[in-house]
Number of protein chains: 2
Amino acid sequence: MNFKEKLRDNQELVNQEINKYIKKENLPEITLNEAIEYSLMSSAKRLRPTLIIETYKLFKNDYEKCLPFAVSMEMTHTFSLIHDDLPGIDNDDYRRGRLTIHKMYNEATAILAGDSLMNNSYRIIANEINNSENIDQMKKKIRVLNEFSCAIDEMIIGEYLDTECEGKEISKEKLDYIHNKKTASFFKYCVRTGAILAEASEEDIDNLTLYAEKIGLEFQIKDDILSEIGDSKIMGKPVGNDKAMNKITYVTKFGVEKAQEYLEKTTNEALRTLETYGNKAEFLKELAIYIKDRNH
Amino acid sequence: MNFKEKLRDNQELVNQEINKYIKKENLPEITLNEAIEYSLMSSAKRLRPTLIIETYKLFKNDYEKCLPFAVSMEMTHTFSLIHDDLPGIDNDDYRRGRLTIHKMYNEATAILAGDSLMNNSYRIIANEINNSENIDQMKKKIRVLNEFSCAIDEMIIGEYLDTECEGKEISKEKLDYIHNKKTASFFKYCVRTGAILAEASEEDIDNLTLYAEKIGLEFQIKDDILSEIGDSKIMGKPVGNDKAMNKITYVTKFGVEKAQEYLEKTTNEALRTLETYGNKAEFLKELAIYIKDRNH
């Protein structure tokens, strides 16, 4: 199986798992559930849950055990996108080629669907902690819970700073700081969660955290490049607007060429962190390259 | 000390405790923190945290142990108010006599402050679980965590149904159902949390849950009455608009008199659940009466 097939396999696995958690009962609050399902069941690449699963697999085979955490992560990622897209923040009409949830339904539904998704991501973890087979396992999941709340906190701060800095001249350090919080915090949480649940050593956890930081940064730079010169049809949203919108991105700040150089450098740094794992880390290596080369 | 003094004492205790959790570091994201502080540091009565503390005290004296949970509850309650007030939902300009957070700052800040408050309420509980002195205590806190996520889920569903039913003819059963979810779910969580943490019996937990359901309903009916005939100066917001806004409340549906009767009946039902606790439940009894008689 090549990388793209493996990626699709993981995407399918996560989609199936998410489906189990979507409420199917015929309750009066069905429209909210429908909106939540609409937002969860997109063509999303499921990169974050895949990171949890594949990091887990570096150390252990019974990856089914980390699937609830994978779903929880995707729910919170989806919550962050829904709120980010709201008229009061980015005011985006499209996401992944479809109407955003506040456009498809309405603003109240989008706000509450986002709230519900964050809450349900915690609910899944709470339930997993409750169902631990032994105290050691329970303590690992409690550690994950704590890291989850820190990761969301960082994401929100990053999102806030991003909003606040719109149209302002900021330094490369601040730009990195914002993106580290906004994007890399979830990537870090994902690899750490996979590693913690699979009982990896603290050294491995730290090392993989560095990998995640690098691919998180990579992801953001590539996003900025695609946002400038990507194919709007493939992307499912308009391109080339960041400059006009006064958005500070790696591209509007340094130009496409410099951003591309920075992307290559960051990718190589990510790959170096995986050297000690040999063939077992093949997927994570190809993932770093995929993030750099993707067209959407 | 009479009831009102005790209530103020608890309010002060909770305010002091909240202050400890407000981030004081001089970070670049200071405006978000400022907005969070603005929303938390209001003249709020702190009824929900007080419920946790006073239920705890029915069974045990070392109530300091439940204070982090009291703060966590108030944070999530505040999050729910901030999002509820947003232009996309209730579009309220005032709350507790002051500008709502989206009016004082902006919509993006309000959305993200709400998200941050919900997340930090979990962060506090996660941290408390982590710092448990023994496994028994840890398991109790994990139970609280699970119940917390269910309570928030119910609140969101109630909030959503409330939005969806605006201007529609609905039955008294549905109105009770909505308010049970929207308001009583947190009251129930509070007494259950106090009781669980204080190692109360399952029978006591169930009985106090009934008390909470009743005062939750009481609270909502009284809110509806005040919203119609309260003093707008004391309330800190305009009154008498629910009918014009097509809001379904106990008052717009049944009139003030019938709503008042229903309020009395519900209060008596709340008081009956406390009979077995004698003098120890004095505060909770007076609280049920206070909710009925309050003027804001």
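Remember, predicted model here, so these are calculated numbers, not experimental data. (Residues numbered from 1 in each chain as written. Chains lettered and ligands numbered in written order. Predicted model: local features only at pLDDT ≥ 70, side-chain atom pairs only at ≥ 80, totals over all residues. Heavy atoms only, no water.)

### Notes on the relation of the copies chain B and chain A
Note the following rule: Superposition of the copies was done by least squares, using only C-alpha atoms of residues whose pLDDT is at least 70 in both. Whether two residues touch is decided by their heavy atoms; if any such pair falls within 4.5 Å, the residues are in contact.
With an RMSD of 0.0 Å, the fit of chain B onto chain A corresponds to turning through 180° and sliding 0.0 Å along the axis. The transformation relating the two chain copies, once decomposed into turn and shift, fits a two-fold axis. It is Asp115 of chain B whose C-alpha, among those of chain B, lies nearest the rotation axis, at 3.7 Å. Comparing contact sets, 100% of the residues at the interface of chain B also lie at the interface in chain A, consistent with an isologous, same-surface contact.

### Quick look at the packing of helix α3 (residues 47-59) of chain B against helix α12 (residues 282-293) of chain B
Residues and elements named next belong to chain B. How we decide: Here an axis means a line fitted to C-alpha atoms, over the contact stretch when the element is a helix, while the angle between two N-to-C directions is reported on a 0 to 180 degree scale. Each helix corresponds to a stretch of at least 4 residues labelled H or I by DSSP, and each strand to a stretch of at least 2 residues labelled E; elements are numbered beginning at the N terminus. Should an angle fall under 35 degrees it is taken as roughly parallel, and over 145 as roughly antiparallel, whereas 65 to 115 is taken as roughly perpendicular and any remaining angle as oblique. Basically, the charged four are Asp, Glu, Lys and Arg, the nonpolar ten are Ala, Val, Leu, Ile, Met, Phe, Trp, Tyr, Cys and Pro, and anything else, Gly included, counts as polar.
Contact geometry for α3 and α12: axes closest at 10 Å, N-to-C directions at 155°. Here α3 is positioned roughly antiparallel relative to α12, judged by the angle of their axes. Taking contact as the criterion, the partners of Leu47, Thr50, Leu51, Glu54, Thr55 and Leu58 in α3 are, on α12, Phe283, Leu284, Leu287, Tyr290 and Ile291. Its residues assigned to classes, the contact of α3 with α12 shows 8 nonpolar, 2 polar and 1 charged.

### Quick word on the interface of chain B and chain A
To keep it simple, the criterion reads: The term buried area refers to how much accessible surface (probe radius 1.4 Å) is lost by two components on association, counted for both of them together. What makes a salt bridge here is a side-chain nitrogen of Lys or Arg within 4 Å of a carboxyl oxygen of Asp or Glu, nothing more.
Facing the 45 residues of chain B at the interface are 45 residues of chain A. Buried surface at the junction of chain B and chain A, summed over both partners, amounts to about 4,100 Å²; 67% is from carbon and sulfur atoms. In this structure, the connection of chain B to chain A is made through 2 salt bridges. The salt bridge partner of Arg123 of chain B is Asp153 of chain A, with a shortest N-O separation of 2.7 Å.

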